[in-house]
Amino acid sequence: MYEKGLQDVMNKLPQKVLVTNQDRSLPFVNRMVNQFHNYFDGRSKIVLIRSQLGKPIATFAGNRVSYFATDVPNSTGLIIDGKYLFIYRCDFTMYDTSLIKR
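Here the residue index of a chain counts from 1 through its sequence in written order. Local features are withheld for residues below a pLDDT of 70 in this predicted model, meaning they are given only at 70 or higher, and side-chain atom pairs are given and counted only at 80 or more; totals for whole chains, interfaces and linings count all residues. Heavy atoms from the whole structure form the basis of all side-chain values; hydrogens and water molecules are not counted.

1. A few points about the overall build of the chain
Filter applied, for reference: Where helices and strands are cited, they refer to DSSP runs of H or I of at least four residues and of E of at least two residues respectively, numbered from the N terminus. Throughout, exposure labels follow a simple rule: accessible area from a 1.4 Å probe, protein chains only, divided by the maximum for the residue type, with under 20% read as buried, over 50% as exposed, and the rest as partly exposed. By definition in these notes, contact holds between two residues if any of their heavy atoms fall within 4.5 Å. The Shrake-Rupley method, run with a 1.4 Å probe sphere, supplies the accessible areas, and residue values consider only the shown protein chains as cover.
Counting secondary structure elements, the chain contains 2 helices and 6 strands. Going from N to C terminus, the chain has its helices and strands arranged as α-β-β-β-β-β-β-α. For the chain, the proportion of its 102 residues judged to be buried stands at 32%. Contacts spanning at least 24 positions in sequence make up 47% of the contacts within the chain whose residues lie at least 6 apart. Carbon and sulfur atoms provide 51% of the accessible area of the chain, an area that totals close to 7000 Å².

And the structure:
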């Protein structure tokens, strides 16, 4: 669940992708950032949210990202550029954009 004003970049990505390069040395997030760099330019952090099975389900980008525990078991709250994101029973990873850009 996320507050109005946050943009889930995964909603901007095509639902089906033709894979022409099967090079596994370039992780999923790197390929996504390189291909859709306009969504990440000027943002210092990327948050990738995955299901319990590891399937990417949402991606957010922002400059100021902080996280905190909530009163709900198995959940985490994030504040991304002043907007609230509630994560329930999912795994998430924060990346510095500068580390994954070419």
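2. Notes on the confidence of the model for the chain
Inclusion rule: The pLDDT value tells you how sure the predictor is about a given residue, anywhere from 0 up to 100.
Summarising the model, the chain shows a mean pLDDT of 80, and 67% of its residues fall at 70 or more. Here helix α1 (residues 28–35) is the element of the chain with the lowest mean pLDDT, 66, and strand β5 (residues 83–88) is the one with the highest, 94.

3. Here we look at unusual backbone geometry
At Asp81, a position not held by glycine, the phi torsion is positive, near 50°. Positionally, Asp81 belongs in the loop between β4 (75–80) and β5. Owing to a relative accessible area of 29%, Asp81 belongs among the partly exposed residues under this scheme.

4. Describing the nonpolar core
Here is a general trend for soluble globular proteins: nonpolar side chains tend to be buried in one another's company. The criterion, for reference: To form a nonpolar core, buried Ala, Val, Leu, Ile, Met, Phe, Trp, Tyr and Cys residues must be joined to one another through side-chain atoms within 4.5 Å.
In terms of nonpolar packing, the biggest core is built from 10 residues, these being Leu6, Val47, Ile49, Ala58, Phe60, Val65, Leu78, Ile80, Leu85 and Ile87. Of all the secondary structure elements, the ones that give two or more residues to this core are β1 (45–50), β2 (56–62), β4 and β5. Not counting the four nearest positions on each side in its chain, Ala58 is found in contact with Asp8, Met10, Val47, Leu48 and Ile49.

5. Digging into the sheet that holds β2
Heads up, the rule is: Any two strands between which DSSP finds at least two bridges are classified as paired. Lines fitted to C-alpha atoms define the axes here, with helix axes fitted over just the stretch in contact, and angles between the N-to-C directions of these axes take values from 0 to 180 degrees.
If you trace the 3 strands from one edge of the open sheet to the other, you get β2-β1-β6, paired in antiparallel fashion. Two strands lie at the open edges of the sheet, namely β2 and β6 (91–96), each paired on one side alone. Here the strands of the sheet are splayed against their neighbours by 20° on average, with no regard to which way each runs. Bridge count between β1 and β6: 6 bridges; the pairing is antiparallel. Along β6, the bridge assignment pairs Lys45 with Asp96.

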